[in-house]
Amino acid sequence: RRSMRQLNDFKSQELANLMWAFAASGFFREDFFMASANAVQTMDLQPQQLANVIWSLVRLRPQHPAAQAALLALLPRCTTNIEALKPQELAVIAAASAKCFGDTTAGKRDAPPGAAGVKLPAEVVGYFSAALPWVVGQAQHFSDQSFATIASAFVAVGLGAAS
């Protein structure tokens, strides 16, 4: 409990690493999750830290209100600094956004009707709108996996060239 009060004393890299390790191992405690989601919103995070934190928040509980609120608070920073993101980081953030707010069954052959018609938060639309021209211009730098991840994310949120 005392450590929860000290989360704001962590350096951004320390908290990002701790969150990533907990998420990767499947560890979830509501109090830590809520406190860390709040703490990272005021930290100065580098692009890789942003991607790791967002992945960590969404990995175990994408529909959790704290995960969604933190993602929406962090997405404008990602959008503003989109050109500083590496292709994998951009793809991770897009996938996390899609997992929180998109229809992750979209485009699958046996998928039930999904979240069609659900209004996306402006922060999500802004991120994907900024990402699309950047991805198109940098496509040759994407690994097959990162390109597939970002393409799946665009399908899940229902945004792309035709939208």
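Below is a summary of the structure that appears in this document.

Thresholds, definitions, all that
- By convention here, each chain's residues receive numbers from 1 onward along its written sequence.
- For a predicted model such as this one, the threshold for reporting local features is a pLDDT of at least 70, and the threshold for listing and counting side-chain atom pairs is 80 or more; totals across whole chains, interfaces and linings nevertheless cover every residue.
- Side-chain numbers here rest on the full set of heavy atoms in the structure, without hydrogens or water.
- Only runs of H or I of at least four residues qualify as helices and only runs of E of at least two qualify as strands under DSSP, and these elements are numbered from the N terminus.
- For the exposure calls, accessible area comes from a 1.4 Å probe over protein chains only, and a residue counts as buried if that area is under 20% of its type's maximum, exposed if over 50%, partly exposed in between.
- Only heavy atoms enter the contact rule, under which two residues are in contact if any of them lie within 4.5 Å.
- All accessible areas in this document rest on Shrake-Rupley with a 1.4 Å probe, and a residue is counted as covered only by the protein chains that are shown.
- Any two of the Phe, Tyr and Trp rings considered here, Trp counted by its six-membered ring, make a pair once their centres fall within 6.5 Å; the pair's planes then place it as stacked at under 30 degrees, edge-to-face at over 60, or tilted in between.
- The salt bridge criterion pairs a side-chain nitrogen of Lys or Arg with a carboxyl oxygen of Asp or Glu, the two atoms within 4 Å.

**Notes on the overall build of the protein chain**
The secondary structure content of the protein chain amounts to eight helices and zero strands. Listing each helix as α and each strand as β along the protein chain from the N terminus yields α-α-α-α-α-α-α-α. Residues classed as buried in the protein chain amount to 38% of the 163 residues present. Contacts in the protein chain between residues at least 24 apart in sequence constitute 78% of all its contacts with a sequence separation of at least 6. Working note: accessible area of the protein chain is about 8900 Å², and carbon and sulfur atoms make up 54% of it.

**A short note on the packing of aromatic side chains**
The relation between two aromatic rings is expressed through the spacing of the ring centres and the mutual angle of the planes. In total, this model carries eight aromatic pairs according to the counting rule given. When the centroid spacing of 5.0 Å and the interplanar angle of 55° are considered together, the rings of phenylalanine 28 and phenylalanine 33 count as tilted. We classify phenylalanine 28 as partly exposed; its relative accessible area is 22%. With relative accessibility at 7%, the residue phenylalanine 33 sits in the buried group.

**Let's talk about the pattern of salt bridges**
Going through the model one piece at a time under the given rule, you end up with one salt bridge. Of the charged contacts, one joins arginine 29 and aspartate 31 as a salt bridge, the two residues approaching to 2.6 Å between their closest N and O atoms. The class of aspartate 31 is partly exposed, set by a relative accessible area of 23%.

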